[in-house]
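Structural characterization, general
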Amino acid sequence: GEDVEQSLFLSVREGDSSVINCTYTDSSSTYLYWYKQEPGAGLQLLTYIFSNMDMKQDQRLTVLLNKKDKHLSLRIADTQTGDSAIYFCAERKERSYNQGGKLIFGQGTELSVKP
Amino acid sequence: SQTIHQWPATLVQPVGSPLSLECTVEGTSNPNLYWYRQAAGRGLQLLFYSIGIDQISSEVPQNLSASRPQDRQFILSSKKLLLSDSGFYLCAWSVLSGGLRDTQYFGPGTRLTVL
């Protein structure tokens, strides 16, 4: 199937690290993404990783990709209350022109950061 | 830089009334355009995508239609709204070429409530 799976909720304390996990389905997916959605807002692209990479770090964010297990994770170091949001992972299928480069999204993980 | 606008931000409509939601993109040419609906359950459902003017693909059978009268304008419509059309509607765009082709960037969304 086309399901991208994520756990629905994660709760952490301010200052701790958060790890949000995702499993995807298509080993031929070329790009994998993390989006952040704050309440009442659209999705904001946080980071992405190419399928030929194992890890990508961007300030407090670290993305790990395990292609063998089709597992993607997002680690947020020193989590702040402003990081509270829903986080979506998404995979881009091998692109064909008439498919418009569709993305397959997970259900989103709601991150709650407690002071 | 590129920006994406959605109008209106919120809308309350009676059952059976028509609908028109507008999405416009600035700062890019010939983008792919997408309409998503996000229901209360949080998941994103792709409704329509467009790879060019008057080229619309529908993902799911439904009460809605889409049009692209200009290169950077995407409109979501309905002749008669149903209660089940309530939700958060998101427009997105992507580019066709370059290193981050098909990476989707989202607008701020329109909250539609059908009563």
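Summary of the structure given here.

Rules used in this analysis
- Residues numbered from 1 in each chain as written.
- Chains lettered and ligands numbered in written order.
- Predicted model: local features only at pLDDT ≥ 70, side-chain atom pairs only at ≥ 80, totals over all residues.
- Heavy atoms only, no water.
- Helix = DSSP H or I, 4+ residues; strand = E, 2+ residues; numbered from the N terminus.
- Rg over C-alpha atoms; globule rule 2.2 N^0.38 Å.
- Areas by Shrake-Rupley, 256 points an atom, 1.4 Å probe, with all protein chains shown as cover.
- Lys, Arg positive; Asp, Glu negative; His and termini not counted.
- Charge placed at Lys NZ, Arg CZ, Asp CG, Glu CD.
- Disulfide = S-S within 2.5 Å.
- Buried < 20%, exposed > 50% of the residue type's maximum accessible area, 1.4 Å probe, protein only.
- Contact = heavy atoms within 4.5 Å.
- Buried area = accessible area lost by both parts, 1.4 Å probe.
- Salt bridge = Lys/Arg side-chain N within 4 Å of Asp/Glu carboxyl O.
- Polar contact = N/O pair within 3.5 Å; in protein donor to acceptor, adjacent residues only side chain to side chain.
- Nonpolar A, V, L, I, M, F, W, Y, C, P; charged D, E, K, R; others polar.

**Here we look at the overall build of chain B**
When helices and strands are counted, chain B shows zero helices and eleven strands. In chain B, the succession of α and β elements from N to C terminus is β-β-β-β-β-β-β-β-β-β-β. Computed over its C-alpha atoms, the radius of gyration of chain B comes to 14 Å, within 12% of the 13 Å expected for a compact globule of 115 residues. As displayed, chain B offers around 5200 Å² of accessible surface, 54% of which is attributable to carbon and sulfur atoms. Charged side chains in chain B number 8 positive and 7 negative. The centres of these two groups are separated by 7 Å.

**Remarks on the state of the cysteines**
Note on terminology: a disulfide is the covalent bond linking the sulfur atoms of two cysteines. Residues and elements named next belong to chain B. Tallied over the full model, the rule gives two disulfides over all chains. Disulfide pairing places Cys23 opposite Cys91 at an S-S distance of 2.0 Å. Where Cys23 bonds to Cys91 through sulfur, the torsion about that S-S bond is close to -75°, and the disulfide is left-handed. With a gap of 68 residues between them, Cys23 in strand β3 (residues 19-26) and Cys91 in strand β9 (residues 87-94) connect regions that are remote in the sequence. Looking at Cys23, the relative accessible area reads 0%, which means it is buried.

**Some thoughts on the interface of chain B and chain A**
On the chain A side, the residues contacting the 25 residues of chain B number 29 residues. Summed over both partners, the interface of chain B with chain A comes to about 2100 Å²; 51% of that surface belongs to carbon and sulfur atoms. Taken together, chain B and chain A are joined by zero salt bridges. Here chain B is connected to chain A by three residue pairs in polar contact (both at pLDDT 80 or more). Within the side of chain B that touches chain A, the residues separate by chemical class into 13 nonpolar, eight polar and four charged.

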